Amino acid sequence: MWIFYCCPTGGFESVVAASIHTGILSLNRLPLEDELLSLPEFGVRHQLSGRPKKYGIDTLGNEVFILGIGREKGLVSNIVPSFFEANKLCPAQAKVVEINVPKVNIVTDYLFLNLRFDNRWKTKIIINNYFHIAQIVKEVLDQVN
Amino acid sequence: MKIIYHCFGGSHSSVTSAAIHLGFLEKNRIPAGENLMRIPFFDRQTSEDHGIFRFMGLDEGRNEVYIIGRRNFKNFEPLIRGLIDLMGIKQEEIVLINTMPYVTWTMMLGGFISRKLGWIRLGRPIVIHGTKRAYSNFHTLVDQVKVMMLKK
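Everything numeric here is computed off the predicted structure, so don't read it as measured data. (Residues numbered from 1 in each chain as written. Chains lettered and ligands numbered in written order. Predicted model: local features only at pLDDT ≥ 70, side-chain atom pairs only at ≥ 80, totals over all residues.)

Engineer: Looking at this model, I keep getting lost on the overall build of chain B. Mind explaining?
Structural biologist: For chain B, the count of helices and strands is six helices and four strands. Against the compact-globule benchmark of 15 Å for 152 residues, chain B has a radius of gyration of 15 Å, which places it among compact chains. Considered along the principal axes of its C-alpha atoms, chain B spans approximately 45 × 30 × 20 Å. Taking all 152 residues of chain B together, 43% fall into the buried category. Here the contacts in chain B between residues at least 6 apart in sequence split such that 67% fall between residues at least 24 apart. (Helix = DSSP H or I, 4+ residues; strand = E, 2+ residues; numbered from the N terminus. Rg over C-alpha atoms; globule rule 2.2 N^0.38 Å. Buried ≥ 20, exposed ≤ 12 C-beta atoms within 10 Å, placed from the backbone. Contact = placed C-beta atoms within 7 Å.)

Shown next as structure tokens:
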């Protein structure tokens, strides 16, 4: 199975989710700010390329990707499985997970997408919402197991 | 080979272009409104349909022709290209055609009224009128696509 964690930039929420999924970060322990900053791909604005980036493989052999989707919430969740189906692959093999974090909204997205605000501010938002992201990943893990 | 015509809503310009490509509409004759309405998906798709690839048919070269509505997603083509790489498909096997540059403001207005607001009785005649006015743009586009495919 291919699991795509998506967020507006492809560099913050999705990276944290993918890191939790692949075991780099814990489901149950709040990471330190520096742990987040040192994650591979953290703060890299992948929405600029638009292409999914492979992040790792989980314990069951599922491939985990991160993807920047800008402001188009809900759309990629249709595109990816539908494209699988159009290419005679089982759409259930593609799981798209959009990470929506409270207090991350059109204003914060604009600041980070367009004005490239300091990653440390975003890191604080992520830490405040860490267990929300962890819960999403836990639900995904329960579904794929 | 797969040919994917894409536009905002997957209801008008992509559908018209795909229909011309497949021969559902004559190239040199502006279709009547009833003929446009007979095309699958023309002025039918809603926001729930956005992002879903719709198969329109096989062309004379047995290429699969699809349409899709992808809203304003700027990275639609890079996403598909990235998925193609991941799937191990050759890039040249998938042709992506953006029909939005050929859409007129009348089509946008009529499409918005019909699809977004749901005021079909008002919006549909406007979008049909706009499509007819822009028809030559779409058949020029399809001609270019077919020439490009011959070169491959």
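Engineer: It is not clear to me how unusual backbone geometry should be interpreted in this structure. Could you clarify?
Structural biologist: The phi torsion of most residues other than glycine is negative, and most of the peptide bonds are trans. Residues and elements named next belong to chain B. Non-glycine residue F41 carries a positive phi angle of around 75°. Relative to the elements of secondary structure, F41 occurs in the loop between α2 (33-38) and β2 (54-58). One non-glycine residue, R71, lies in the positive phi region at around 45°. With respect to the element layout, R71 can be found in the loop between β3 (64-69) and α3 (76-87).

Engineer: Please clarify how the interface of chain A and chain B should be interpreted in this entry.
Structural biologist: It is common to give the size of an interface as the accessible area that goes away when the parts come together. Each partner contributes to the interface: chain A provides 15 residues, whereas chain B provides 19 residues. The class makeup of the residues in the side of chain A that touches chain B is six nonpolar, seven polar and two charged. (Nonpolar A, V, L, I, M, F, W, Y, C, P; charged D, E, K, R; others polar.)

Engineer: I would appreciate a short explanation of the environment of A:L75 in the present structure.
Structural biologist: With respect to the element layout, A:L75 can be found in the loop between β3 (63-68) and α3 (76-86). Along the sequence, A:L75 and A:Q143 sit 68 residues apart, while their C-alpha atoms lie 21 Å from each other. With residues near it in sequence (within four places) discarded, A:L75 still touches B:H50, B:G51, B:R70, B:R71 and B:F73.

Engineer: Even after reading the chapter, I still don't get helix α6 (residues 130-144) of chain A, so can you show me in this structure?
Structural biologist: One turn of the α-helix equals 3.6 residues, which is why residues spaced by three or four share an orientation. All names here are of chain A. The terminal C-alpha atoms of α6 lie 21 Å apart, and with 15 residues this matches the ideal 21 Å at 1.5 Å per residue to within 8%. Those residues of α6 not exposed but buried are Y130, I133, A134, I136, V137 and V140. The buried residues of α6 occupy an angular sector of 160° when projected down its axis, which confines them to one face. Facing away from the buried side of α6, by more than 90 degrees, are the exposed residues Q135, E139, D142 and Q143. (Expected span 1.5 Å × (residues − 1). Arc of directions from axis to C-beta.)

Engineer: I'm lost on the sheet that holds strand β4 (residues 94-98) of chain B in this one. Help?
Structural biologist: For sheets, the rule is that strands pair by backbone hydrogen bonds, running either parallel or antiparallel. Residue and element names in this part refer to chain B. Read from one edge to the other, the open sheet built from four strands follows the order β2-β3-β1-β4, with strand pairing classed as mixed. Every interior strand has two partners, whereas the edge strands, β2 and β4, have only one. Between one strand and the next, the sheet's axes are offset by a mean angle of 25°, whatever the strand orientation. As paired strands, strand β1 (residues 2-7) and β3 are joined by six bridges and run parallel to one another. For K2, the partnering residue across the bridge sits in β3 and is E64. (Pairing = 2+ DSSP bridges. Axes fitted to C-alpha atoms, helices over the stretch in contact; angles between N-to-C directions.)

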